[in-house]
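Each chain is listed here by its residues.
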Amino acid sequence: MPIIGAEGSLSSQGYGQFARAGASPVYIEDVFSTWLYTGTSATQTITNGIDLSTKGGLVWLKPRDGAFNHVLTDTARGAPNFVSSNTSGAQVTVDTQALTAFNTTGFTLGTSSNVNYSPYLYTSWTFRKQPKFFDVVTFNSNASYGATFNHNLGSVPGCMIVKCTGGGDNWIVWHRSLTGGLASYVLYLNLTDAEYNQAVSVTATSTSITIPNFALGLPSTSYVAYLFAHNAGGFGLTGTDNVISCGSFTSDGSGNATVSLGYEPQWVMIKPTSQAGDWIMQDVMRNFTSSTSGTWLYANTGGAELSSSSMLRPTATGFVSEQNNLSTSTTYIYIAIRRGPMKTPTTGTSVFSPTASAGVSGTVVTTGFPVDLQMLALNGGWVSNTAFYDRPRGLRSNATGSPNPDTAPRFSTTSTNSESTAASNNLFNNTGYRISAGMAAPAGIWNFRRAPGFFDIVCYTGTIPLGGGTQTVTHNLGVAPELMIFKSRSPNGNWCVVASALGLSNGTYINSNGASAFQGW
């Protein structure tokens, strides 16, 4: 359901107000990024807009279409040193051509096959250090396998992931939703084991961590800790918005669950705690969608990206599992990160890009932003020559190909048909798209990005019976919509349009040239 915001809101809802009060606002797009790229086997720079060189943080890399280790490099240990979430091995220091530099707008990769092998596809997750979001700290264990260190998270961590870098030992995860809270029970990031009672308890405050003796694996050895906040506020125009949550849920007897976060997530990692199971990672750039298919990676294995019926689906207020894919009656923990952008855009070109395309297969089109909705009108090649593709329902990813998904849902505005799938649609990355062979025809193409005060898309299930009634649908536009377009994904149905210019009490159909066609909104 596309939702268009109020007139003038691109410029009228900037973020100067909070800055004038004495502090610059911080948004999730300032501190977190999922960035897809293709290996080149030559030095390349990833420009994701995250300042790592002056602010610090973590870059987590993984090949998507090959069985290679995860690579985690942070500013506390320095490039090119890395550890792998799927192994217990010590820090790797001999690969000098891995991630080679942290920049003010991203990072630079060397020629290492671990991070930049042509033509493999990769995902990168960047976590910038920021109070109420994320911190990275190095420390040494004492002779009795314990440690005390300070941090700058500015809140009690919701999750703490610790790795020995000076020797081989399992990754240790403390999480606020394990039995007893952030204390004695632990998980291991490189293993599938259920939660384990260490019988000694961690003490955590908003400024320091004390790990008791015998809780770490090796004495007098170097470690790194990744600290994640939980519902600590600190973001947005007023500085009160949450952008990261660490919690738990229990699946029902069919393997389904509903989780409320208070926001729409863009990245989620879950792990069963009451029984053994993998660490599942999904993000919106790799088909974390409302569709029945989904794509994920496992943090605890080096395996390639997997795709099947959707493990998790994002909603406007959290995420759900509705495909009976979770273990039944099982408790899971999660880390979830809010979708961006949170800033209200101040220029139209940052969220809208119209293109007159010659339709040459292989052409790379740069929009300057990740496309959330693409509307096409082809001059030839299709009987139904219009189409809507969007990220909430699933897009094929990367500018040079994609292991998953192989198809994407589409609509045609000239038809009342329900949603269908197509393998011919374009291939998308963070800055635009590549024209596929199936789209090789002259076309008009309109690209939109979801953003507060401008445009939103909501996928929902109708609950109103045929006899009538009302239903409330949550969106994240941030203002009252002035234009709404509705389309039934299943079964067939008209394209319904409601606009403030019609008083929101009259509607019309895109697939009809008639006047206002229905009432009752």
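Residues numbered from 1 in each chain as written. Predicted model: local features only at pLDDT ≥ 70, side-chain atom pairs only at ≥ 80, totals over all residues. Heavy atoms only, no water.

A. Structural view of the state of the cysteines. Applying the stated rule across the entire model yields 0 disulfides. Counting only cysteine sulfurs, C159 is the nearest neighbor of C246, a cysteine outside any disulfide, at a range of 5.4 Å. Residue classification places C246 among the buried residues on the basis of a relative accessible area of 0%. With no disulfide of its own, C496 lies 16 Å from the sulfur of C459, the closest cysteine sulfur. Judged by its relative accessible area of 17%, C496 falls in the buried class. (Disulfide = S-S within 2.5 Å. Buried < 20%, exposed > 50% of the residue type's maximum accessible area, 1.4 Å probe, protein only.)

B. Inspection of the pattern of salt bridges at higher detail. All chains considered together, the criterion is met by 15 salt bridges. One salt bridge in this structure joins R77 and D74, with 2.7 Å as the shortest N-O distance. Look at R77 and you get buried, because its relative accessible area is 13%. The partner of R489 in a salt bridge is E419, with the nearest N and O atoms 2.9 Å apart. Here the residue R489 occupies a position in the loop between strand 37 (483-487) and strand 38 (495-499), and E419 occupies one in the loop between strand 31 (408-410) and strand 32 (420-422), the gap between them amounting to 70 residues. We classify R489 as partly exposed; its relative accessible area is 24%. Members of the salt-bridge network, linked through shared partners, are R64, D283, R286 and E305. (Salt bridge = Lys/Arg side-chain N within 4 Å of Asp/Glu carboxyl O. Helix = DSSP H or I, 4+ residues; strand = E, 2+ residues; numbered from the N terminus.)

C. Spotlight on the side chain of D135. Checked against the element boundaries, D135 lands in strand 9 (residues 134-140). The class for D135 is buried, based on a relative accessible area of 2%. Reaching out from D135, the side chain makes a polar contact with the backbone nitrogen of N152 at a distance of 2.8 Å. With sequence-adjacent residues up to four places away left out, D135 is seen in contact with K129, H151, N152, L153, A225, Y226 and L227. (Polar contact = N/O pair within 3.5 Å; in protein donor to acceptor, adjacent residues only side chain to side chain. Contact = heavy atoms within 4.5 Å.)

D. Here's a closer look at the nonpolar core. One finds F127, F133, W174, Y226 and F228 to be the most contacted residues of the largest nonpolar core, which totals 60 residues. When residues of this core are assigned to their parent elements, the largest contribution, 6 residues, is made by strand 17 (residues 222-228). (Core = buried A, V, L, I, M, F, W, Y, C linked by side-chain atoms within 4.5 Å.)

E. Summary view of the sheet that holds strand 7 (residues 106-109). Taken in spatial order, the 3 strands of this open sheet run 3-7-6, and their pairing is antiparallel. Among the strands making up the open sheet, the edge pair consists of strand 3 (44-47) and strand 6 (99-103). The mean inter-strand angle of the sheet, taken between neighbouring strand axes irrespective of direction, is 20 degrees. For strand 3 and strand 7, the ladder comprises 4 bridges, and the chain directions are antiparallel. Bridge assignment links Q44 to a residue of strand 7, and that residue is L109. (Pairing = 2+ DSSP bridges. Axes fitted to C-alpha atoms, helices over the stretch in contact; angles between N-to-C directions.)

F. A look at the environment of P409. In this fold, P409 is placed in strand 31. Residues P409 and L477 lie 68 residues apart in sequence; the distance between their C-alpha atoms is 23 Å. Residue contacts for P409: discarding those within four places in its chain leaves S291, F388, Y389, R393, G394, E419, S420 and T421.

G. Up close: the confidence of the model for the chain. Looking at the chain, pLDDT values average 90 and 92% of them are 70 or higher. Overall, residues 6-20 carries pLDDT values under 50, and its contacts beyond four positions in sequence, including any with other chains, amount to 35 contacts. (pLDDT = per-residue confidence, 0-100.)

H. The arrangement of unusual backbone geometry in detail. Following S118, the chain continues into P119 via a peptide bond in cis, with omega recorded as 5 degrees. Positionally, P119 belongs in the loop between strand 7 and strand 8 (121-128). P491 follows S490 through a cis peptide bond whose omega is 5 degrees. Here P491 lies in the loop between strand 37 and strand 38. Here K132, not a glycine, exhibits a phi torsion of approximately 75 degrees, which is positive. Within the fold, K132 resides in the loop between strand 8 and strand 9. Relative accessible area serves as the criterion here: at 26%, K132 is assigned to the partly exposed category. The phi angle at F214 is positive, at roughly 75 degrees, despite the residue not being glycine. Positionally, F214 belongs in the loop between strand 16 (208-211) and strand 17. On the basis of relative accessibility, which here comes to 62%, the residue F214 falls in the exposed class.

I. Structural context of the pairing of strand 4 (residues 57-63). Most of strand 4 is tucked away, with 7 of its 7 residues classed as buried. Burial along strand 4 is two-sided: the residues G57, V59, L61 and P63 and L58, W60 and K62 are all buried. Across 7 bridges, strand 4 lies against strand 8 in antiparallel orientation. Residue pairing in the sheet places P63 in a bridge with Y122 of strand 8. Where strand 4 lies against strand 5 (residues 71-74), 4 bridges are found, and the strand directions are antiparallel. Bridging across to strand 5, V59 finds its partner in T73.

J. Up close: the sheet that holds strand 16. Across the sheet, 3 strands lie side by side as 10-16-15; this open sheet has antiparallel pairing. Because the sheet does not close on itself, it has two edges, and the strands there are strand 10 (147-150) and strand 15 (203-204). Both strand 15 and strand 16 contribute to a ladder of 2 bridges, which runs antiparallel. Its bridge partner being in strand 16, T203 is matched across the sheet by T210.

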